[in-house]
Amino acid sequence: MSNDSPATSASPTPSPPPRAPIVRRVLVGLAAGLGLGLLGMFVLAVVNRGPVSPHLTPELFEAAKAKWKREQPQDYNIEIQVRGSQPATYYVEVRGGVALLALRNGNPLRQMRTFSTWSVPGMFATMSRDVDALELRAAGQGDKFTPDLNLRATFDPHYGYPARYRRLQYQSSVEVEWKVTRFELVPGDKPGPGERGA
């Protein structure tokens, strides 16, 4: 009897493992690493910059300004930390509604006209120009010189002063943020228009 059946090998060669599970594991690992990295960057941003303030609208701005006018103390000290292209800490002493002393990083400002820039009315004046730009753009009346802005702000719940402000100009690297780190009334002076006497 002849054996015409094809020869079979006694030990088959093992086939390589399928590539799909390995590639899938690598992609899942990369995606997880990317996700954790983005989450870490977000947490660092929140820790470094604090919570995100709400978008500033003209209505919020006007309401805060009106509250400041009602409650406005005439005598206060304020300290503001500024971040951006020219970071600094400003300290201003206001008496009788007038900025009498202003310091930048502990050094006195030399020109009286600059003293009020970091008083509360000065901060509102700066913000007012930005809010005007928002309104012009919203009405379709802005020109090429009207900045395209993303504004965010929080205001003190009692006095209405701008506690935190962030100004981001689109298509530009210009970003400015400030935060009031200290606001204190000076005791013994006459109360402002909306202040309650002791």
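Keep in mind the model is a prediction, meaning the values are calculated, not measured. (Residues numbered from 1 in each chain as written. Predicted model: local features only at pLDDT ≥ 70, side-chain atom pairs only at ≥ 80, totals over all residues. Heavy atoms only, no water.)

**Regarding the pattern of salt bridges**
(1) Moving on: Applying the stated rule across the entire model yields five salt bridges.
(2) Moving on: Notably, a salt bridge pairs Arg 167 with Asp 130, separated by 3.0 Å at the nearest N-O pair. On the criterion of sequence distance, the pair formed by Arg 167 in strand β6 (residues 162-169) and Asp 130 in helix α4 (residues 120-138) is long-range, its members being 37 residues apart.
(3) Moving on: Close ionic contact of Arg 164 with Glu 177 constitutes a salt bridge, the shortest N to O distance being 3.2 Å. (Salt bridge = Lys/Arg side-chain N within 4 Å of Asp/Glu carboxyl O. Helix = DSSP H or I, 4+ residues; strand = E, 2+ residues; numbered from the N terminus.)

**Things to note about the pairing of strand β2 (residues 88-95)**
(1) Moving on: With seven bridges connecting them, strand β1 (residues 76-84) and β2 associate as antiparallel partners. Note that in β2 the partner of Tyr 76 across the bridge is Val 94.
(2) Moving on: Following β1, the chain reverses through three residues before pairing antiparallel with β2.
(3) Moving on: One ladder, built from six bridges, connects β2 with strand β3 (residues 98-104); its direction is antiparallel. Looking at the pairing, Tyr 90 lines up with Arg 104 of β3.
(4) Moving on: Where β2 folds back on β3, the antiparallel hairpin that results is connected by two residues, among which Gly 96 adopts a positive phi of roughly 60°. (Pairing = 2+ DSSP bridges.)

**Things to note about the environment of Trp 178**
(1) Moving on: Within the element layout of this structure, Trp 178 appears in strand β7 (residues 175-185).
(2) Moving on: Between the alpha carbons of Trp 178 and Arg 166 there is a distance of 6.5 Å; along the sequence they are 12 residues apart.
(3) Moving on: Setting aside residues no more than four positions away along its own chain, Trp 178 makes contact with Ile 80, Gln 81, Val 82, Trp 118, Met 123, Thr 126, Met 127, Pro 162, Ala 163, Arg 164 and Tyr 165. (Contact = heavy atoms within 4.5 Å.)

**Regarding the packing of helix α2 (residues 58-71) against α4**
(1) Moving on: Where α2 meets α4, the closest approach of the two axes is 10 Å, and the angle between their N-to-C directions is 160°. In terms of their interaxial angle, α2 and α4 are classed as roughly antiparallel. Judged by the twist between their axes, the crossing of α2 over α4 is left-handed. Counting all contacts with α2, which are made through Pro 58, Phe 61, Ala 64, Lys 65 and Trp 68, the residues of α4 involved are Val 120, Pro 121, Phe 124, Met 127, Ser 128, Val 131 and Glu 135.
(2) Moving on: Looking at the contact of α2 with α4, its residues break down into nine nonpolar, one polar and two charged. (Axes fitted to C-alpha atoms, helices over the stretch in contact; angles between N-to-C directions. Parallel < 35°, antiparallel > 145°, perpendicular 65-115°, else oblique. Left-handed = near helix turned anticlockwise from the far one by under 90°. Nonpolar A, V, L, I, M, F, W, Y, C, P; charged D, E, K, R; others polar.)

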